[in-house]
Amino acid sequence: LIEPIHEGILTMVESGIPTIAAIQGAAAGAGMSIALLTDLAVVAENARFTSAYIKIAASPDCGGSWALARLVGRRKAAEIALLSDPIDAAEAWRLGLVNRVVPTDQLYATAIELARRIASGPTDAVRQTRTLLDAAPHSSLRDQLRSELDSFVVASAHADFNEGISAFFARRQAHF
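Residues numbered from 1 in each chain as written. Predicted model: local features only at pLDDT ≥ 70, side-chain atom pairs only at ≥ 80, totals over all residues. Heavy atoms only, no water.

Thoughts on the pattern of salt bridges
On inspection of all chains with the given rule, the structure shows 5 salt bridges. Across the salt bridge formed by Arg 130 and Asp 39, the nearest N and O atoms sit 2.7 Å from each other. Taken as a pair, Arg 130 in helix 7 (residues 123-135) and Asp 39 in the loop between helix 2 (30-37) and strand 3 (40-44) lie far apart in primary sequence, 91 residues in all. One salt bridge in this structure joins Arg 146 and Asp 150, with 3.8 Å as the shortest N-O distance. In this pair, Arg 146 and Asp 150 both sit in helix 8 (residues 141-156), 4 residues apart, roughly one turn of the helix. (Salt bridge = Lys/Arg side-chain N within 4 Å of Asp/Glu carboxyl O. Helix = DSSP H or I, 4+ residues; strand = E, 2+ residues; numbered from the N terminus.)

Quick look at the sheet that holds strand 6 (residues 100-102)
Across the sheet, which stays open at both edges, the 3 strands sit in the order 1-3-6 with parallel pairing between neighbours. Only two strands of the sheet have a single partner each, and these edge strands are strand 1 (20-23) and strand 6. Averaged over all pairs of adjacent strands, the angle between their axes in this sheet comes to 20°, without regard to strand direction. Relative to strand 6, strand 3 runs parallel, the two sharing 3 bridges. Considered in strand 6, the bridge of Ala 44 is made with Val 102. Across the face of the sheet, helix 6 (residues 107-119) comes into contact with strand 1, strand 3 and strand 6 while running at roughly 175° to strand 1. (Pairing = 2+ DSSP bridges. Axes fitted to C-alpha atoms, helices over the stretch in contact; angles between N-to-C directions. Contact = heavy atoms within 4.5 Å.)

Quick word on the sheet that holds strand 5 (residues 87-88)
As summarised here, the arrangement of the 3 strands in space is 2-4-5, forming an open sheet in which the pairing is mixed. Edge positions in the open sheet fall to strand 2 (26-28) and strand 5, since each of these has one partner strand only. Of the pairings in the sheet, the one linking strand 2 to strand 4 (residues 48-50) comprises 3 bridges and is parallel in character. Considered in strand 4, the bridge of Ala 27 is made with Phe 49. Taken strand by strand, helix 2 contacts strand 2 and strand 4, and its axis lies near 95° from that of strand 2.

Shape descriptors only; they carry no functional weight alone.
Right, here's the structure in full:
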């Protein structure tokens with residue numbers, strides 16, 4: 001069961017397409033792991049997270065250990081995974097596990113609005129930005145600067161770049 005789920009997770013993360021989680025209620029075990037792998041996470045005020053694995057005598061799967069350590073650091077990740085204490089929405093936001101906490105009745109509208117904003121942006125630049133952010137934790141500054149330069153050169157040859165620059169100088173909203 002785990003291997004096909006892991007393949008789906010890799011497909012999601014490696015697709016280059018930005019991902020947004022909209023979470024209300026409990027996100028435990030694999031649900032928490034998958035939510036942590038998304039680019040943005042919006043949660044309802046009633047959201048609660050728990051690693052849960054240790055409580056069933058298991059270790060994390062679905063990328064939970066990988067994402068958690070990158071989001072909060074190794075020591076805090078160990079506390080969350082080994083103690084498996086519940087984390088409410090406010091604490092999840094404070095820890096950087098989620099981007100926004102909203103009233104439950106605004107959860108899906110907020111997530112859809114974020115998706116629309118990203119989708120209306122420059123597709124290639126969005127994809128390049130995701131790639132750079134994914135590489136940053138294991139790149140040296142020198143290597144990251146080279147990757148940023150290479151990415152910028154590619155972006156500058158795209159029609160979206162011309163539109164963005166024109167809109168900037170004309171002091172108007174860009175239309176991609």
